[in-house]
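# Examination of the molecular architecture
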Amino acid sequence: MYIKRTYLVLILCVTLFCVNAQEAVYSGDADASFLNAQAIAFAGSRSEARDTLQFILSKYPNYTDVRTLLAKTYSWDGAYDEARKQFNIITSLEKQNKEVWVAAIKNEIYAENYTTAVGLSNKGLLYLADDATLSALKEEAIAAITALQVPVFLQELDTLQVAVSDPINSIDISGSIDVFDKVYDPMYLTSISYTRHTKYGSIIPRINYANRFNTSGVQYEVDAYPKFSEKVYMYTNYGFSDASTFPKHRGGAELYVNLPKAMEVSLGARYLNFVTSDVYIYTASFGLYSGNYFFSVRPYVTPSEGNTFSVSGSLLARKYLKDKYNYIGGNFNYGYTSDIKQFRSGTTLLAETLLYLETQQLNLEYQFTIKNSPNTLKTMMGVTRQELSFDPGNFFIAGTLGFIYQVKF
């Protein structure tokens, strides 16, 4: 009797093992299992539903409805990265599946990856041209991007930064060096600024220090960005310095208006007061977001004696990466440089000479967030070709390296 019981136990164990081994490979009715998982997911048991859906996909990896529901359950639970992986698998195979494009775009909107949502919308519209739903989702994402656009400061005349009101405070520390191929010794510029965001706008006091041709100086500045509405705000600036390396006084004002279709325009003026002259500069800008890209064009018009004027300008192109704090970009300037570099004319240091010199400048930038921190680091490098102030028609080449480190709190 004992031997028989032992055999029965062994047979039962083998049977159970075989059954479990068979269940490890899906062999049921896929459609029925999908409908059951769908009901479970809609009832709120999404984790259990995912187990069934993944089991079905182990045998039927191209069952689109199953993978779509799996992706949606991840998205509903806030696992946006996992959802994205599943949506990408489907869209790479079925490029005209509207349901999947819609769900994939919504996943990015839920994750607040608005630039990614715009890019995904543009990609979907390549295969589903003029689709109203995809177009509406694109506009929703663009509107979210526009709502987050609050310029923080213009570094010198035209370097536009973007920030939002969280966190409320930040400190920026920056530094740069210019190295020349002839005549001039290296130039150094450092600054520290504090940014305070309020519901009325932002205010940024700043201290700049420059060492140019063994001459040092300090400039004190304050920027303010009064906010009139969600679409209208203003940039104002005042700076003062007793040093020959900076203008004695500088000021600026510019009105910005956000337009539909992720566009922004502005109109303003700058004022520079030197020992020997006053300079007025009139400027405007046009900015446009397109997918993950931002483009901006800015002209400058500077009147001079004899009813003449000089015209210069800059073109900025930027590609945003995983979010608005991470991007790469380039800025090309033609005409006078915008950072108030100064050059010698004989033994005199003349800030204003640069306004009438022929200049071409290309700057590259890369900003990224620091790991496990809200802080950002921006690195910059550039090259400048500029006319010598004391030898018209003769040019020098300068290389620039710089950084801006922003601490948020």
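Okay, so let's go over this structure. All residue numbers here refer to positions counted from 1 along the written sequence of the relevant chain. Side-chain atom pairs in this predicted model are given and counted only at pLDDT of 80 or more, local residue features only at pLDDT of at least 70, and totals for whole chains, interfaces and linings cover all residues. Heavy atoms throughout the structure, all of them, feed into the side-chain values; hydrogens and water do not.

### What about the pairing of strand β16 (residues 359–369)?
Basically, it comes down to this: In this analysis, strands are considered paired if DSSP registers two or more bridges between them. In this text, helices come from DSSP runs of H or I with a minimum length of four residues, and strands from runs of E with a minimum of two, each type numbered from the N-terminal end.
For strand β13 (residues 327–334) and β16, the ladder comprises 8 bridges, and the chain directions are antiparallel. Opposite Y327, over in β16, you have Q367 as the bridge partner. The pairing of β16 with strand β17 (residues 376–388) spans 11 bridges and is antiparallel. By the bridge assignment, N363 is partnered in β17 with G382. The antiparallel hairpin formed by β16 and β17 contains 6 residues in its connecting segment, where N372 sits at a positive phi of about 55°.

### A short note on the packing of aromatic side chains
In plain terms, the rule: Here is the rule: rings of Phe, Tyr and Trp (six-membered ring for Trp) pair when centre to centre is within 6.5 Å. Planes less than 30 degrees apart are stacked, more than 60 are edge-to-face, and the remainder are tilted.
Tallied over the entire structure, the rule returns 12 aromatic pairs. Seen from their ring centres, F42 and W76 are 6.1 Å apart, and the 45° between their planes marks the pair as tilted. You can see F42 sitting in helix α2 (residues 30–42) and its partner W76 sitting in helix α4 (residues 64–76), a full 34 residues away along the chain. The structure contains a cluster of three or more aromatic residues connected by ring pairs, namely Y289, F294, Y320 and Y327.

### As for the nonpolar core
Threshold: As used here, the term nonpolar core means buried Ala, Val, Leu, Ile, Met, Phe, Trp, Tyr and Cys residues forming a set that is joined through side-chain atoms within 4.5 Å. Residue exposure (1.4 Å probe, protein chains only): buried if accessible area is under 20% of the type maximum, exposed if over 50%, otherwise partly exposed. Contacts between residues were defined by any pair of non-hydrogen atoms, one from each residue, lying within 4.5 Å.
Ranked by size, the top nonpolar core spans 41 residues in total, and within it F34, L53, I56, V66, F87, I105 and L134 carry the most contacts. Looking at this core, the elements that each hand over two or more residues are α2, α3 (46–57), α4, α5 (80–91), α6 (98–110), α7 (114–127), α8 (132–147) and β12 (308–320). If one sorts the elements of this core by residue count, α6 sits on top with 7 residues. The residues contacting I56, other than those within four sequence positions of it, are Y26, A30, S33, F34, Y63 and V66. Y184, M187, L388 and F396 belong to the second largest nonpolar core, which has 6 residues in total.

### Brief notes about the packing of α4 against α5
Two numbers describe a pair of packed helices, the interaxial angle and the distance between the axes. Stated formally: Axis definition: a line fit to C-alpha positions, over the contact stretch in the case of helices; interaxial angles, taken between N-to-C directions, run 0 to 180 degrees. For this classification, under 35 degrees means roughly parallel, over 145 means roughly antiparallel, 65 to 115 means roughly perpendicular, and everything else is oblique. Helix crossings are classified by the rotation of the near helix relative to the far one: an anticlockwise turn of less than a right angle makes the crossing left-handed, while a clockwise turn makes it right-handed.
The geometry of α4 relative to α5 is characterised by a closest axis approach of 7 Å and an angle of 160° between their N-to-C directions. Comparing their axes, α5 and α4 come out roughly antiparallel. Like other packed secondary-structure pairs, α4 and α5 cross with a definite hand, here left-handed. Along its contact with α4, which presents T64, R67, T68, L70, A71, K72, Y74 and S75, the element α5 presents Y80, E82, A83, Q86, F87, I89 and I90.

Bear in mind that shape data such as this cannot, by itself, settle questions of function.
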